[in-house]
Amino acid sequence: MKYKLFLIPLLLLLALPAINATQAEVTRVLPTSALILANLNINLEVNIDESNKPSVYILTEYIPENFEVISTGGGSWFANTRTIKWLVIDSFMGQVIEDITYTYQLRTTVESTYDFTGTIQDDSDTYNVLGNTQLQVTSGQGDTETPIVGSISPLAANAGQAQTYSVDVSDNTGVASCSLYVDGVNKGAMSLSSPCVSCTATKTYTFTTAGTYSAYVFCSDPIGNSALGIPTNIIVSEVQQDQIPPVISDVQSTISSTSATITWTTDENSDSTVEYGVTTGYGSAETDTSDVVSHSIILTGLSPATTYHYHVISIDANNNPAVSSDYTFTTSILTNDQIGVTRNLPQTADQNLNFNVQLIVDVNEPNKPTSYTLRETIPQNFDIVNTGNGIWSSDSRTLTWRVFESSYLGTHVQDTTYTYTLKPISRGTFNFLGAIQIPAGIYSVVGDTQLTVTGGAPDTTAPVISNILSNPSLNSAVISWTTDELANSVVEYGTTTAYGNSEILSTLVTSHGITLGSLTAGTLYHYRVKSADASTNEATSSDYTFTTLSAPDTTDPVISNIQISSVTGNSATISWDTDELANGKVEYGQTITYGSEKTHLAYLTDHSLTLTGLTEGTLYHYRVKSTDASTNEAVSADYTFTTSQESYPLTITNVQVLNHNFDPASSISAGGQFNIKVNVENTDTLSKTPMQIVEVLDGSTPLFIGTVKTSINHGGTSEITVGFVLPTGVSSGKEYTVKVFNWNNWISQGSWEAYSAPFQTSFTVA
């Protein structure tokens, strides 16, 4: 089982007397020879003694000079000591001490023989890493094979539509990067798993105009061998966008007492909306976004015996809207055995003469309700002369009476007759509707429902036009308006006040809507509306204008002036310019696959983003992206920067080697115990708990690593002591080195940072 390492400053490893059995052993698997510029994999195989396994260990690998660390294999790289360290603590954040293999990767440009050393420090002692230790690096012939680049596909595209292009690539050492070129211009890096031995490189690109373009792919391997794919022609066609709205036909309604199903057809796929209400102002809507040609919408929660107005709307995939004329339906009547209402209405009336309407309420005494609401809907073209104690609502044109059984108020539900008075203001035939609502439900008023108004002076008044609105799109516009009486619908339109074009709907309505099609994008149009009533009285509006929407922007922003500034150990600022307003994104990481990003959403021409949480002394790749308001995206080429090595705010002074009595000594006998004393001053305002790392080395080979955690406030000093037993078999008179440095606190990224330069002293074995 492999797992991720987490490094924390909770470890206190003090050297103990040596024991014979080790708890953990490590074998290094290293080839005996390698070529310069070639990536080299080194395995560290950790073998755990299950019967006596440690609870914590530090594995340290010393990297020779001239080697570049390509991958640390999950360890932490310390450039100042050229070491990779793995720290594992059993049962911490899911860690388990068990057999594992760490693989790290190196590369060098210098031909030489190199020695590799390493140690593992477990609970009992420190041991060397076993296995191959020497590597011969020669120039040889090196890798001269170039990547193999296949053919681009697809070979056709539509102008203004994004298309993903792909090509198969391979290389014996892996493909590191690929870029797409169109007519010799680099259009940016392609996506691939890097490095990959055999994979597919992809990139999404949009051709803005029709034509024939030459495209090819350029790829490189990690060593720098590169290859150019065979140029291929891509044919880009112009796309003609649909500018014609759907044609609505066969509008039907199927009703019940409390619901209605509205159906219609269109000549192309489009969505479905029904706007409905008791007036032509509608007020309610139901929508189905499915693109169909056969449309059906169910309206629920309706009132029985009520007339509803509605129209249907369908919008196609290119946002061309179509609106039908106004239609009506009347919900059916419910029966009731508790209470009933009969309307007494004359069959005819003279225009401009008052007449009475009676509503006779019949209560079933053995089964009467405790309350009721009686509502009567008054047709248009009637004035209310007397409400008969009802409540008049001009918005909904209803009279309402409410009765509640109450002995306290002296009200009773009983037989009652309500009489209201109307005055006709125009001739015609009109339908009357009413309903009574009791706790059991809503029921219709029965009786006479139709009245014909005759006589009087002929209608010579033209409709009053109001609420003229336009809703333009790219190649169409919807013109709507209202009239104070039923009338037809006419729109005259054109690019001048002479108009020259017209659309007509002969249905008499009060809520008008006409769709104008086949318009030119980005063009100013003049228009006026006309409506004529049943008596051919016509009203004409003044001149209005609208401008159709402009053709969409399909041009990518142009990125320029890419700059890197304010580079520190853990941050850097990237800035660039675009030739139009666009947002910004920086993709960054330690390889050209990036993996991290930072974004600003504001639309600007000068862009700046600061990257934080970076690792000091590390090479980073980055590229910038900008997308304009029309979603056209530009991508830069790959760039790099290297973070700086931060300063060391902890100071180490006066490192001494002491004997077991803590007295100064100039020499130590083999097998003897001594102590190392270190004075530390904290000059870091942020760090209070540094970790002192004490190493004893035979030349470059470590013999001992000890750690001590101290709590030092800013400006304070501390004296630490670490005990050490000199191994037997050392050479008499040989000088050994003591090196002391500091690590800072635990940080959230799960790694260590060296906060001080090593302080060294030495001693001589007697």
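How each quantity is defined
- Residues numbered from 1 in each chain as written.
- Predicted model: local features only at pLDDT ≥ 70, side-chain atom pairs only at ≥ 80, totals over all residues.
- Heavy atoms only, no water.
- Salt bridge = Lys/Arg side-chain N within 4 Å of Asp/Glu carboxyl O.
- Helix = DSSP H or I, 4+ residues; strand = E, 2+ residues; numbered from the N terminus.
- Buried < 20%, exposed > 50% of the residue type's maximum accessible area, 1.4 Å probe, protein only.
- Phe/Tyr/Trp six-rings, centres within 6.5 Å; stacked < 30°, edge-to-face > 60°.
- Pairing = 2+ DSSP bridges.
- pLDDT = per-residue confidence, 0-100.
- Contact = heavy atoms within 4.5 Å.
- Disulfide = S-S within 2.5 Å.

Caption draft 1: Examining the pattern of salt bridges more closely. What the rule picks out here adds up to 11 salt bridges. Glu 365 is the salt-bridge partner of Lys 368, the closest N and O atoms lying 3.8 Å from each other. As a salt-bridge pair, Lys 625 and Glu 587 come within 3.1 Å of each other at their nearest N and O atoms. Taken together, the residues Lys 625 in strand β51 (residues 619-627) and Glu 587 in strand β49 (residues 572-589) connect sequence positions 38 residues apart. Across this residue pair, the class does not change: Lys 625 and Glu 587 are buried. If you follow the salt bridges from partner to partner, you end up with Glu 365, Lys 368 and Glu 405 in one network.

Caption draft 2: Representation of the packing of aromatic side chains in the model. This structure, assessed with the given rule, holds 23 aromatic pairs. Here Tyr 525 and Phe 546 contribute two aromatic rings whose centre-to-centre distance is 5.5 Å and whose plane-to-plane angle is 15°, an arrangement assigned as stacked. In this pair, Tyr 525 is assigned in strand β45 (residues 524-532) and Phe 546 in strand β47 (residues 544-547), connecting sequence segments 21 residues apart. An identical accessibility class is assigned to Tyr 525 and Phe 546; each is buried. Following the ring pairs from residue to residue traces out a cluster consisting of Tyr 165, Tyr 205, Phe 207 and Tyr 213.

Caption draft 3: Quick look at the pairing of strand β18 (residues 185-189). The pairing of strand β17 (residues 177-182) with β18 spans 3 bridges and is classified as antiparallel. Bridge pairing in β18 links Val 182 to Val 185. Count of turn residues in the β17/β18 antiparallel hairpin: 2 residues, of which Asp 183 carries a positive phi of about 50°.

Caption draft 4: View of the confidence of the model for the protein chain. When pLDDT is averaged along the protein chain, the result is 81; 80% of the residues meet or exceed 70. Across residues 659-666, where pLDDT falls below 50, the model places 12 contacts with residues more than four positions away in sequence or in other chains. A low-confidence stretch, residues 744-758 (pLDDT under 50), is modelled with 52 contacts involving residues beyond four sequence positions or located in other chains.

Caption draft 5: Structural detail: the environment of Ala 79. Here Ala 79 lies in the loop between β6 (76-78) and β7 (83-89). Among the residues examined, Ala 79 registers a relative accessible area of 41% and is labelled partly exposed. The sequence separation of Ala 79 and Glu 616 amounts to 537 residues, and the corresponding C-alpha distance is 9.8 Å.

Caption draft 6: Examining unusual backbone geometry more closely. Put simply, Ser 153 and Pro 154 share a cis peptide bond, and its omega is -5°. Within the secondary structure layout, Pro 154 lies in the loop between β14 (148-149) and β15 (156-158). Backbone geometry at Asn 381 places phi at a positive 70°, although glycine is not the residue there. A positive phi angle, close to 65°, is found at Thr 536, a residue other than glycine.

Caption draft 7: Here's a closer look at the state of the cysteines. Inspection of every chain in the model, using the stated rule, returns 1 disulfide. Bridging Cys 178 to Cys 219, the disulfide has an S-S length of 2.1 Å. What sets the handedness of the Cys 178 and Cys 219 disulfide is the S-S torsion sign, and at about 110° it is right-handed. Here Cys 219 lies in strand β20 (residues 211-220) and Cys 178 lies in strand β17, a separation of 41 residues in the sequence. For Cys 178, a relative accessible area of 1% translates into the label buried.

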